[in-house]
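Chain by chain, the residues run as shown.
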Amino acid sequence: QVFSHHCPFLMGPIECLTDVVTPDTDMQVTLSIFELASAAGIPCEIDPALVTVLAGSKMEGASPEEDYKVACLLLVFVAVSLPLLASDPMSVYNTEVDG
């Protein structure tokens, strides 16, 4: 909010870019836009840092330390997302699919 107040000429184009992103947009373009928006402090649908770590973990022969870091990041992601999903009135738990 402070950044938007002091530098609207910088935040305006970044916010417009995030509004343009659709599910049909190329994934690399989407990640670039969301990385820019995250650096500016704008909340995004996709966490580009998490995507980068997960994409890097697909390499063959990854070390156990890297696997541990990825597992910890996923646990943090779940811990942050779960309260948000629980408080969302549109979220429901379906026992048939266990989710």
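Position labels on residues start from 1 in each chain and follow its written sequence. Only residues with pLDDT of at least 70 get local features here, since the model is predicted, and only at 80 or more are side-chain atom pairs given and counted; chain-wide, interface and lining totals rely on the full set of residues. Hydrogen atoms and water are omitted, and side-chain values are computed over all heavy atoms in the structure.

The next point concerns the packing of helix α4 (residues 48–56) against helix α5 (residues 64–87). Every axis corresponds to a line fitted to the C-alpha atoms, with the helix fit spanning only the stretch in contact, and the corresponding angles, defined between N-to-C directions, vary from 0 to 180 degrees. Only DSSP runs of H or I reaching four residues or more are called helices, and only runs of E reaching two or more are called strands; each is numbered from the N terminus. Their axes nearest at 10 Å, the elements α4 and α5 cross at an angle of 145°. Crossing of α4 over α5 shows left-handed handedness. Here α4 contributes Leu-50, Val-53 and Leu-54 to the contact with α5, which in turn contributes Val-70, Leu-73, Leu-74 and Phe-77. Looking at side-chain class alone, the contact of α4 with α5 contains 7 nonpolar, no polar and no charged residues. Each crossing gets its hand from how the near helix is turned against the far one by less than a right angle, where anticlockwise is left-handed and clockwise is right-handed. By definition, residues are in contact when any of their heavy atoms lie within 4.5 Å. Classification used: nonpolar for Ala, Val, Leu, Ile, Met, Phe, Trp, Tyr, Cys and Pro, charged for Asp, Glu, Lys and Arg, polar for all others including Gly.

On to the confidence of the model for the protein chain, then. As a per-residue quantity, pLDDT reports the predictor's confidence and falls between 0 and 100. Averaged over all residues, the pLDDT of the protein chain equals 79, while 90% of them reach at least 70. Put simply, helix α1 (residues 2–6) is where the protein chain has its lowest mean pLDDT, 72, and helix α3 (residues 27–40) is where it has its highest, 85.

Moving on, we come to the environment of Leu-74. Summarising the element assignment, Leu-74 is placed in helix α5. We classify Leu-74 as partly exposed; its relative accessible area is 35%. Put simply, Leu-74 and Leu-50 are 24 residues apart on the chain and 8.3 Å apart in space, counted from C-alpha to C-alpha. The contact partners of Leu-74, leaving out residues within four places of it in the chain, are Leu-50 and Leu-54. Buried, partly exposed and exposed residues are distinguished by accessible area as a fraction of the type maximum, computed with a 1.4 Å probe on protein chains only: under 20%, between the cut-offs, and over 50%, respectively.

Put simply, buried Ala, Val, Leu, Ile, Met, Phe, Trp, Tyr and Cys residues joined by side-chain atoms within 4.5 Å make one nonpolar core. Among the nonpolar cores identified, the biggest contains 5 residues, and these are Met-11, Ile-14, Ala-37, Ala-40 and Ile-42. Setting aside anything within four residues of it in sequence, one finds Ala-37 in contact with Ile-14, Thr-18, Ile-42 and Cys-44.

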